[in-house]
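# An overview of the molecular structure
Here's the letter readout for the chains.
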Amino acid sequence: ITYTRYADDLFFSTLVPDLLGDVLAVVEETLKSIPYPASLTINHAKTRHSSLKRRRRVTGLVLSTQGRISLGRHFKRSIRSQIHRMETLGPRRQHRLAGLLAYVKDVEPDFFNRLVLKYGEKVSQAAHFKG
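A brief report on the enclosed structure follows. (Residues numbered from 1 in each chain as written. Predicted model: local features only at pLDDT ≥ 70, side-chain atom pairs only at ≥ 80, totals over all residues. Heavy atoms only, no water.)

## Some thoughts on the packing of aromatic side chains
Defined as follows: Centres within 6.5 Å make a pair out of two Phe, Tyr or Trp rings, where for Trp the six-membered ring is used; the pair is then stacked when the planes are under 30 degrees apart, edge-to-face when over 60, and tilted otherwise. Helix and strand definitions here come from DSSP, where helices need a minimum of 4 consecutive H or I residues and strands a minimum of 2 consecutive E residues; each element is numbered from the N-terminal end. The buried label applies to any residue whose accessible area, calculated with a 1.4 Å probe on protein chains only, is under 20% of its type's maximum; exposed applies above 50%, and partly exposed to all values in between.
Applying the stated criterion across every chain yields a total of two aromatic pairs. Relative to Tyr103, the ring of Phe75 has its centre 6.1 Å away and its plane inclined at 80 degrees; by these criteria the two rings are edge-to-face. Taken together, the residues span a long stretch of sequence, with Phe75 in helix α2 (residues 73-84) and Tyr103 in helix α3 (residues 91-107) at a distance of 28 residues. Classification of Tyr103 as partly exposed rests on a relative accessible area of 34%.

As structure tokens, this is what we get:
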């Protein structure tokens, strides 16, 4: 079992089927046994179980079965939409779009390159908005 942590999110993964069945109980018992912080608990509303058979989403990113990270179809569609109507966005939303494009470039550079090829100068303007 591999344990991964991002901020306060904990992830347990394995390539062995049915190995994670008892992990939640073990983590809960461990939390009860430690004195500090006493208020640390599992948020069951946010607990997810996933497998390679279903889409795996972690901290907003989609993990492919090939081990690649994707922004996800809906996020990409939203980015394309914002670029398409960039002229109608106010300065605040244009700044937000610039930040999102920096995020896109970092997480999924191939998608960013496809945006540049499709929208050309619009993407460059949006990515470097300083208004």
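Further notes follow.
## A word on the packing of α3 against helix α4 (residues 109-119)
Put simply, the rule reads: For every element, the axis is a line fit to its C-alpha atoms; helices are fit only across the contacting stretch, and the angle between N-to-C directions ranges from 0 to 180 degrees. Should an angle fall under 35 degrees it is called roughly parallel, over 145 degrees roughly antiparallel, and 65 to 115 degrees roughly perpendicular, with every other angle called oblique. Residues count as neighbours in contact if any of their non-hydrogen atoms are within 4.5 Å of one another. All residues other than Ala, Val, Leu, Ile, Met, Phe, Trp, Tyr, Cys, Pro, Asp, Glu, Lys and Arg, Gly among them, are scored as polar; the first ten of these are nonpolar and the last four charged.
It is the contact of α3 with α4, at a shortest axis distance of 5 Å, that shows an interaxial angle of 125 degrees. Comparing their axes, α4 and α3 come out oblique. Along the contact surface, α3 presents Leu101, Val104, Lys105, Asp106 and Val107, while α4 presents Pro109, Phe111, Phe112 and Leu115. Here the residues of the contact of α3 with α4 sort into seven nonpolar, no polar and two charged.

## Some points on the nonpolar core
Defined as follows: Here the nonpolar core consists of buried residues drawn from Ala, Val, Leu, Ile, Met, Phe, Trp, Tyr and Cys, with membership extended through side-chain atoms lying within 4.5 Å.
Within the largest apolar cluster, 16 residues are counted, with the highest numbers of intra-cluster contacts made by Ile79, Ile83, Leu97, Leu101, Val104 and Leu115. When residues no more than four places from it in sequence are discounted, the contact partners of Ile79 are Leu97, Leu100, Leu101, Val104, Phe111 and Leu115.

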